[in-house]
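Chains, contacts and geometry: an overview
Spelled out from the first residue to the last, the chains are:
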Amino acid sequence: QVRLVESGGGLVQPGGSLRLSCAASGSISGINAMGWYRQAPGKQRELVAAITSGNSTNYQNSRKGRFTISRDNASNTVYLQMNSLRPEDTAVYYCRMIGSDYDYWGQGTQVTVSS
């Protein structure tokens, strides 16, 4: 059984940085796309950034330039480097991995940006 395990969340001051990691455990291959989503209290889950198997990236709105998504295919891990964090970035962050016949989500990691 495949599990996605996120880490790296926490409390950070405005302007600070965090690096999220998401590693897939279990037998998984042929990951077409990896992504990070977030959900703030009272809001819908939204895409933050995604990366394909060919390393093409897609960022939503204000995250481009502040956030960087990357992946390590050898370890089935996806990363999200977040810089210049703002209070409005506070949310639970989820990773996602999609293949031809699967769609896995992580359990989420809390990111809180506050002074």
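Residues numbered from 1 in each chain as written. Predicted model: local features only at pLDDT ≥ 70, side-chain atom pairs only at ≥ 80, totals over all residues. Heavy atoms only, no water.

Evaluation of the coordinates by the stated rule reveals four salt bridges. A salt bridge links Arg96 to Asp103; the shortest N-O distance between them is 2.6 Å. We classify Arg96 as buried; its relative accessible area is 18%. A relative accessible area of 37% places Asp103 in the partly exposed class. In the salt-bridge network here, residues are joined through shared partners; they are Arg38, Glu46, Arg66 and Asp89. (Salt bridge = Lys/Arg side-chain N within 4 Å of Asp/Glu carboxyl O. Buried < 20%, exposed > 50% of the residue type's maximum accessible area, 1.4 Å probe, protein only.)

Let's shift gears to the pairing of strand 11 (residues 109-113). In the case of a regular strand, side chains alternate between the two sheet surfaces. The side-chain alternation of strand 11 yields one buried face, formed by Thr109, Val111 and Val113, and one unburied face, formed by Gln110 and Thr112. As paired strands, strand 2 (residues 10-12) and strand 11 are joined by three bridges and run parallel to one another. Residue Gly10 lies in a different strand from strand 11, and its bridge partner there is Val111. Note: strand 9 (residues 91-98) against strand 11, three bridges, orientation antiparallel. Residue pairing in the sheet places Val92 in a bridge with Gln110 of strand 11. (Helix = DSSP H or I, 4+ residues; strand = E, 2+ residues; numbered from the N terminus. Pairing = 2+ DSSP bridges.)

Moving on: the pairing of strand 3 (residues 18-25). Two elements, strand 1 (residues 3-7) and strand 3, share five bridges in a ladder whose sense is antiparallel. Its bridge partner being in strand 3, Leu4 is matched across the sheet by Ala24. Looking at chain direction, strand 3 and strand 8 (residues 77-82) are connected through six bridges and run antiparallel. The residue of strand 8 that forms the bridge with Ser21 is Tyr79.

The next thing to look at is the sheet that holds strand 7 (residues 67-72). Spatially, four strands are ordered 1-3-8-7 in an open sheet, and the strand pairing comes out antiparallel. Where the open sheet ends on each side, the last strands, each with one partner, are strand 1 and strand 7. Strand-to-strand twist across the sheet, computed as the mean angle between neighbouring axes with direction ignored, equals 15°. (Axes fitted to C-alpha atoms, helices over the stretch in contact; angles between N-to-C directions.)

The next point concerns the packing of aromatic side chains. Overall, the coordinates contain two aromatic pairs when judged by the stated rule. Between the aromatic rings of Tyr37 and Trp105, the centroid separation amounts to 4.8 Å while the plane-to-plane angle is 55°, which identifies the pairing as tilted. With a gap of 68 residues between them, Tyr37 in strand 4 (residues 33-39) and Trp105 in strand 10 (residues 103-105) connect regions that are remote in the sequence. Looking at Tyr37, the relative accessible area reads 15%, which means it is buried. On the basis of relative accessibility, which here comes to 33%, the residue Trp105 falls in the partly exposed class. Ring geometry for Tyr102 and Tyr104: centres 5.0 Å apart, planes at 15°, overall stacked. On the basis of relative accessible area, Tyr102 is assigned to the buried category, the value being 14%. With a relative accessible area of 27%, Tyr104 lands in the partly exposed category. Sitting over the ring of Trp105, Arg45 keeps its end group 4.8 Å from the ring centre. (Phe/Tyr/Trp six-rings, centres within 6.5 Å; stacked < 30°, edge-to-face > 60°. Lys NZ or Arg CZ within 6 Å of the ring centre and 35° of its normal.)

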